[in-house]
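Structural features, examined
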Protein chains: 4
Amino acid sequence: MSSKITGILTPHMVPLDADGQINEAELRRYVDWLIERGVHGLYPNGSTGEFIRFTPAERRRIVKVVCEQAAGRVPVLAGAAEANARETLAACEAYAGFGARAVAIVSPFYYRLSPESVYAYFREIALNSPIDVTLYNIPLFASPIDVPTIRRLAELERIVGIKDSSGDLAFMMRMISAIRPYRPEFSFLTGWEAVLVPMLMIGADGGTHATSGVVPELTRQMYDLTRKKQLDDAMRLQYRLLELFDAMLYSADFPEGFRAAVELRGFEMGHSRQPLSPTQQVDRENLQRVLRCLLSDFGYVEAPPEGCPPRASALEPVRVNKIADDVIRELRKQGLV
Amino acid sequence: MSSKITGILTPHMVPLDADGQINEAELRRYVDWLIERGVHGLYPNGSTGEFIRFTPAERRRIVKVVCEQAAGRVPVLAGAAEANARETLAACEAYAGFGARAVAIVSPFYYRLSPESVYAYFREIALNSPIDVTLYNIPLFASPIDVPTIRRLAELERIVGIKDSSGDLAFMMRMISAIRPYRPEFSFLTGWEAVLVPMLMIGADGGTHATSGVVPELTRQMYDLTRKKQLDDAMRLQYRLLELFDAMLYSADFPEGFRAAVELRGFEMGHSRQPLSPTQQVDRENLQRVLRCLLSDFGYVEAPPEGCPPRASALEPVRVNKIADDVIRELRKQGLV
Amino acid sequence: MSSKITGILTPHMVPLDADGQINEAELRRYVDWLIERGVHGLYPNGSTGEFIRFTPAERRRIVKVVCEQAAGRVPVLAGAAEANARETLAACEAYAGFGARAVAIVSPFYYRLSPESVYAYFREIALNSPIDVTLYNIPLFASPIDVPTIRRLAELERIVGIKDSSGDLAFMMRMISAIRPYRPEFSFLTGWEAVLVPMLMIGADGGTHATSGVVPELTRQMYDLTRKKQLDDAMRLQYRLLELFDAMLYSADFPEGFRAAVELRGFEMGHSRQPLSPTQQVDRENLQRVLRCLLSDFGYVEAPPEGCPPRASALEPVRVNKIADDVIRELRKQGLV
Amino acid sequence: MSSKITGILTPHMVPLDADGQINEAELRRYVDWLIERGVHGLYPNGSTGEFIRFTPAERRRIVKVVCEQAAGRVPVLAGAAEANARETLAACEAYAGFGARAVAIVSPFYYRLSPESVYAYFREIALNSPIDVTLYNIPLFASPIDVPTIRRLAELERIVGIKDSSGDLAFMMRMISAIRPYRPEFSFLTGWEAVLVPMLMIGADGGTHATSGVVPELTRQMYDLTRKKQLDDAMRLQYRLLELFDAMLYSADFPEGFRAAVELRGFEMGHSRQPLSPTQQVDRENLQRVLRCLLSDFGYVEAPPEGCPPRASALEPVRVNKIADDVIRELRKQGLV
């Protein structure tokens, strides 16, 4: 039997080259860098990895490259959602062949399905998958998976865990209460790093979150401190992570803020497949200035030559800039400038 | 210059064969049937057509078959959304080649994007598409397109219309106010047939809605009556359509109720790619009994041999059944039955 | 038996004096003015009338004054919601004594109650009220009243109508379908004037909406045109009303934009009981400039001496101003200005 | 200067007599009981206390009785929201006279106000109140108070704390980050006991939550354990509290489940002012059977003579019952039973 999935598994981004194609060399370099900085696992084709903006063939290639490059050093949890259950199962087959530890499958999206449909979908997959399956609940983007449905699904052996990105601690506790007593090896992972430490404290087994792709040292440290019950130290880092997280999450459409941040760590991410308007490009540059300061506070990057503003208001210039952009755009539309 | 897109364009479903593959013969027969019953156009790869449950290659094939079979009798508005702008543009290219009148592109989904990102996405497509583009706003499933964004996008010549599935009349009026004065040929289509007649009355140019794939005669009649200003007659039909629409929409996860209905018109739809649980299959059969009665009232199908209940409560048995199913399922979970 | 409630019933505002108390003389003048301009009824203590910002004693006084001043010229539909069913019934008693035609009772608010609780609450009132009751459904602010609940409540004789402020035409049609066949005298009123004409067209009996307190001539005219089946003319006015409505609704917190507008018609409204910040006061003045232009287009007020901008962009300066306010406020918070 | 508000402050319920009036003797007995079981303070006129279902005069009387009975043993945080700022200030005046430690004022409700209006409202109160003010943020029921608004309001000396019932840990952390550095005595209280221990762990100063009115010993124990850093023990209780909380919260319309529970502790609560339907009364009795079992597990009450079902499924019968009720009601509506 395979071991329980625990720790920090990074839903990593995918670098693109000048032509907008997967930059395989940079992706391999990024995988090495993440493993060296202590992540417990890799999670290609997550929301952070923009799985939906790649073709089926590209998604397969991404998993193949990551599995190869990880080379058994850490487990790979491969996002396998495709157009329908049959296609998803074909991906499961492929990822099992690449050596992934398990697949992660997001609840059906676009349509908002009922719990009964969510159940039927995952059941079909669980009964036919050659590889362990973790559920992925992200109610903001996909059909929600409620506690009774999770409980029914946990009766299927192939389903070995759930990643929940709701950030709701009580929901996590309800899931754990409902399942852990009879499936102690079932893995509960949080996708909402804003509350990683409290989630671990209430019993979550780990996290799979975008921030770990930017500051893997930090999230690893938070995980280790919490496991060692040094909660005060862990919480101090949690507060600092929250500031960084909010900056990356709310200053641009997800996951562009995270892409902007990882560039500061030395990776060439290329242009996103979601086009940016000229206004958004300016916002992105402003955001990077702020992120550089936040990251330099941790010692992860050099501070900018011009120095950084006092902490509390670090983010404000970006917001003011965004507002100013709005004014200009509005005025331009009116033909006033 | 191409003419304005008007009338009822059917976002048709796709019949599947016993193996779950596209049933091309049945699809062609269905296309003929729709055209013969008066639809003004066809709309493959819409939400009703479950575009997201097909592979990119299948989506292309569907459009190809439909264009071939329509053979110029009615225009084809082809859903062209793919994984990213580049892939979408490749589909636009292909659909132009197949002879589609225009493409319809749903706003980016899964992620909820800001208006600026929605704008940047459609702008990229509009500037590069070889074929006219209609926007598709369905805020329930995809990033909303707000009025200022629509107004900005309407400045791009390639964008020739919008399909809006919000069902909000005031929103439709705001769009029309903002754009019609300077682009009179811009097409406004409603995707919410529950209010088709009022929408036409306030100035919409037509509708693209699932129900027209089930009762094309009815929606065509409603359209014609409204155009002839026979509003009382049109509204009588609107009330009857609403009852049918609600039954199809709320008694099963969309669009399964519509698939169940079109089978009664004589088409083999096959099993949906979204698996149904045993409970859902029973619900579907019950729903079909109700739908048969509703459709027989219109004279579209034979009444069932056992007769139909009085109108007002036609749908109630289905609902009671669903509740009873819930009870049973709940009890079963508790090990009580 | 009392006659069906139909037409435009105005949920009027309440003028306040320099001390913030009810300005009775101005209220009486306003009532006369509304009746003279053709409203079919008056509706004190509605949402527009800020019932929640008055004390129970003040609410009674408002109804008393309005009933006295209406003096039987038009029916009064008195908002009677109080802290609980018993207090509400005491208000019903009082308003019956004042000569109100019926009371309107909003669904329980603050808590979001289940349909069963909503039913129990209205049932308690209906069984004990000495005066006819209309339900008031405003899901944005209060517990929603769904169609099955309305249907159950319509079995109680005292309940004679419903005002619905959802603006959802299909919902209105569902209510009418469910109730009109067996209670033809039950009254369906829309509270969403953005779609007044379409609502009347699908069978609503009238409207009770804030805009009729600002431009009673206009809403009366729309009602009469629709009844006379001059729909094209009615819709032309509907489009113009929408522009005015949006300006009043979205440029300030409800109902302050309507208070700002009615001042232009010559009434002293006094300061709202909801305090305005300095920023909001400036916004209000800017809004009044825009409203003056919109109202002067109808001929209801004089155009401002400095003239009006071209129609399409009339509202934009207000919006730009609001954005500019935001910038300034943001900068001020940062200590940058 | 007054000391910081910390610990568990109980938003207690109000017992009613056979005539539906405040049962003062029982209220006094309840106050004593709560204080004896270790609550750090009392919070009359909260959401749990159904403030909105009492008249202004009754609300005053409730605070008066509670202040008298507390008699300085614990501080009283008195809910003071009235119809408008002026009435609220009059209540503040009165409650200061009764000896309350501070008032708690819920954000304006019914209307959904903008941040600027929320700010203006609280500013008006803070500048004129003779007593310290805590803000009450409960976005489910009232206009939300966002972080920038809280930050602006925290500049007013009279505002000394905030109770937040969102249950969102990241939101709590953002508030603490924004305010604590320059106002260390500002009090952060959570109203979402489902996550009381994690909230205390991340830095909240205490909680004001309904459950402490039912099991004050338990919540006090959780508070003390957390303060003593015995987090494992605290979390074990948190999990058990969650089960109880969910039963009280989700099996009836709030706060009826809590009223049903406190009756089991020996208090006569009387009939709620929100009427219960016959169905709801049966549900309430079933719920009490379940609650008796949950409370007996803690040793707070005797187990029922017939014994209790195994833990995991304790709540299920209630849910099944509710579903069965639905079936019956539905069938009855159809005239089938």
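On a predicted model such as this, the values are computed, not experimentally measured, just so you know.

What follows deals with the overall build of chain A. Each helix and strand in chain A was counted, giving twelve helices and eight strands. Based on the C-alpha atoms only, the size of chain A along its principal axes is roughly 60 × 45 × 40 Å. Within chain A, the proportion of its 337 residues that are buried is 66%. Taking contacts inside chain A between residues at least 6 apart in sequence as the whole, the part at least 24 apart equals 74%.

With an RMSD of 0.0 Å, the operation that places chain D on chain A is a rotation of 180° combined with a shift of 0.0 Å along the axis. On this basis, the relationship between the two copies can be described by a two-fold rotation axis. Of the C-alpha atoms belonging to chain D, the one lying closest to the rotation axis is found on D:P198, 3.0 Å away.

Our next topic: the interface of chain A and chain B. A common measure of how large an interface is: the accessible area buried when the components associate. If you look at the interface, chain A gives 45 residues, while chain B gives 45 residues. Of the roughly 4000 Å² buried where chain A meets chain B, counting both sides, 55% is carbon and sulfur surface. Of all residues in chain A, A:Y110, A:Y111 and A:E116 bury the most surface against chain B, accounting for 22% of the area lost on that side. Across the chain A-chain B interface, the total number found is zero salt bridges. Where chain A meets chain B, there are 19 residue pairs in polar contact (both at pLDDT 80 or more). When contributions to the side of chain A that touches chain B are tallied by element, the ones reaching two or more residues are α3 (85-98), α4 (115-128), α5 (147-153), α11 (278-298) and α12 (316-333) of chain A. Looking at the side of chain A that touches chain B, the element that brings in the most residues is α4(A), giving five residues. By residue class, the composition of the side of chain A that touches chain B is 21 nonpolar, eleven polar and 13 charged.

Attention now moves to unusual backbone geometry. For the peptide bond that leads from A:F254 to A:P255, omega is -5°, which places it in the cis range. Looking at where A:P255 falls in the secondary structure, it is placed in the loop between α9 (231-250) and α10 (256-264). Backbone geometry at C:Y110 places phi at a positive 70°, although glycine is not the residue there. Positive phi values are uncommon outside glycine, yet D:E50 reaches one of about 55°. Relative to the elements of secondary structure, D:E50 occurs in the loop between β2 (41-42) and α2 (56-70).

What follows deals with the relation of the copies chain A and chain B. After a rotation of 180° and a shift along the axis of 0.0 Å, chain A superposes on chain B with an RMSD of 0.0 Å. The residues that chain A uses at the interface reappear at the interface of chain B in 100% of cases, marking a shared surface.

We now examine the nonpolar core. Nonpolar side chains tend to gather and get buried jointly when the protein is soluble and globular. Formed by 499 residues in total, the largest nonpolar core has its most connected members in A:Y110, B:Y110, C:Y110 and D:Y110. Not counting residues up to four positions away in its chain, the partners in contact with D:Y110 are C:S47, C:F51, C:I52, C:V106, C:F109, C:Y136, C:I138 and C:F141.

Each partner contributes residues to the interface: chain D has 22 residues there, and chain A has 22 residues. Counting each side, the surface lost to burial between chain D and chain A is near 1900 Å², with a carbon and sulfur contribution of 62%. The salt bridge partner of D:D246 is A:R174, with a shortest N-O separation of 2.6 Å. Linking chain D with chain A are six residue pairs in polar contact (both at pLDDT 80 or more). Contributions of two or more residues to the side of chain D that touches chain A are made by α6 (169-179), α7 (196-201) and α9 (231-250) of chain D. Here the side of chain D that touches chain A gets eight residues from one element, more than from any other, and that element is α9(D).

With that settled, consider the state of the cysteines. A disulfide bridge is the covalent bond that connects two cysteines by way of their sulfur atoms. Going through the model one piece at a time under the given rule, you end up with four disulfides over all chains. Across a sulfur-sulfur distance of 2.0 Å, C:C293 and C:C308 are joined as a disulfide pair. Note on the C:C293 and C:C308 pair: the S-S dihedral is about -95°, so by sign convention the disulfide is left-handed. Here C:C293 is found in helix α11 (residues 278-298), whereas its partner C:C308 is found in the loop between α11 and α12 (316-333), with 15 residues between them in sequence. Among the residues examined, C:C308 registers a relative accessible area of 34% and is labelled partly exposed. Looking at A:C67, it has no disulfide partner, and the nearest cysteine sulfur is the one in A:C92, 13 Å off.

Looking now at the environment of B:L249. Residue position: B:L249 is located in helix α9 (residues 231-250). If sequence neighbours within four positions are ignored, B:L249 has contacts with B:W192, B:F254 and B:F258.

This part takes up the confidence of the model for chain A. Residues and elements named next belong to chain A. With 92% of its residues at a pLDDT of 70 or more, chain A shows a mean pLDDT of 93. Low pLDDT, under 50, characterises residues 331-337; the stretch is placed with nine contacts to residues that sit more than four places away or in other chains. Two numbers describe this predicted complex: its pTM, 0.93, and its ipTM, 0.92.

This next bit is on the pattern of salt bridges. Tallied over the entire structure, the rule returns 104 salt bridges over all chains. Across the pair D:E217 and D:R265 runs a salt bridge whose closest N-O atoms are separated by 2.6 Å. Linking D:E217 in helix α8 (residues 216-227) with D:R265 in the loop between α10 (256-264) and α11 (278-298), this pair joins segments that are 48 residues apart in sequence. For the pair D:E217 and D:R265, a shared accessibility class is recorded, and that class is buried. One salt bridge connects D:E256 with D:R284, and the closest N-O pair in it is separated by 2.8 Å. With D:E256 in helix α10 and D:R284 in helix α11, this pair connects stretches of sequence that are 28 residues apart. The same class applies to D:E256 as to D:R284, namely buried. One continuous salt-bridge network, built from bridges that share partners, spans A:E50, A:R53, A:E256, A:R259, A:E263 and A:R284.

Our next topic: the sheet that holds strand β7 (residues 187-190) of chain A. Residue and element names in this part refer to chain A. Pairing in this open sheet of eight strands is parallel, and the strands run β2-β1-β8-β7-β6-β5-β4-β3 from one edge to the other. The outermost strands of the open sheet, each flanked by one partner alone, are β2 (41-42) and β3 (77-79). Here β7 pairs with strand β8 (residues 206-207) via two bridges, running parallel. Pairing of L189 across the sheet is with G206, part of β8.

The next subject is helix α2 (residues 56-70) of chain A. All names here are of chain A. Look at α2: 21 Å from first C-alpha to last across 15 residues, which is about the 21 Å you get at 1.5 Å a residue. Every buried residue belonging to α2 is among E58, R59, I62, V63, V65, V66, C67, Q69 and A70, and all of these are buried. Turning to α2, the residues buried within the fold contact α1 (24-36), β2, β3 and α3. Remark: A71 follows α2 within two positions and exhibits a positive phi of approximately 50°.

Reading guide: rules and limits
- Residues numbered from 1 in each chain as written.
- Chains lettered and ligands numbered in written order.
- Predicted model: local features only at pLDDT ≥ 70, side-chain atom pairs only at ≥ 80, totals over all residues.
- Heavy atoms only, no water.
- Helix = DSSP H or I, 4+ residues; strand = E, 2+ residues; numbered from the N terminus.
- Buried < 20%, exposed > 50% of the residue type's maximum accessible area, 1.4 Å probe, protein only.
- Contact = heavy atoms within 4.5 Å.
- Least-squares fit on C-alpha atoms with pLDDT ≥ 70 in both.
- Buried area = accessible area lost by both parts, 1.4 Å probe.
- Salt bridge = Lys/Arg side-chain N within 4 Å of Asp/Glu carboxyl O.
- Polar contact = N/O pair within 3.5 Å; in protein donor to acceptor, adjacent residues only side chain to side chain.
- Nonpolar A, V, L, I, M, F, W, Y, C, P; charged D, E, K, R; others polar.
- Core = buried A, V, L, I, M, F, W, Y, C linked by side-chain atoms within 4.5 Å.
- Disulfide = S-S within 2.5 Å.
- pLDDT = per-residue confidence, 0-100.
- Pairing = 2+ DSSP bridges.
- Expected span 1.5 Å × (residues − 1).

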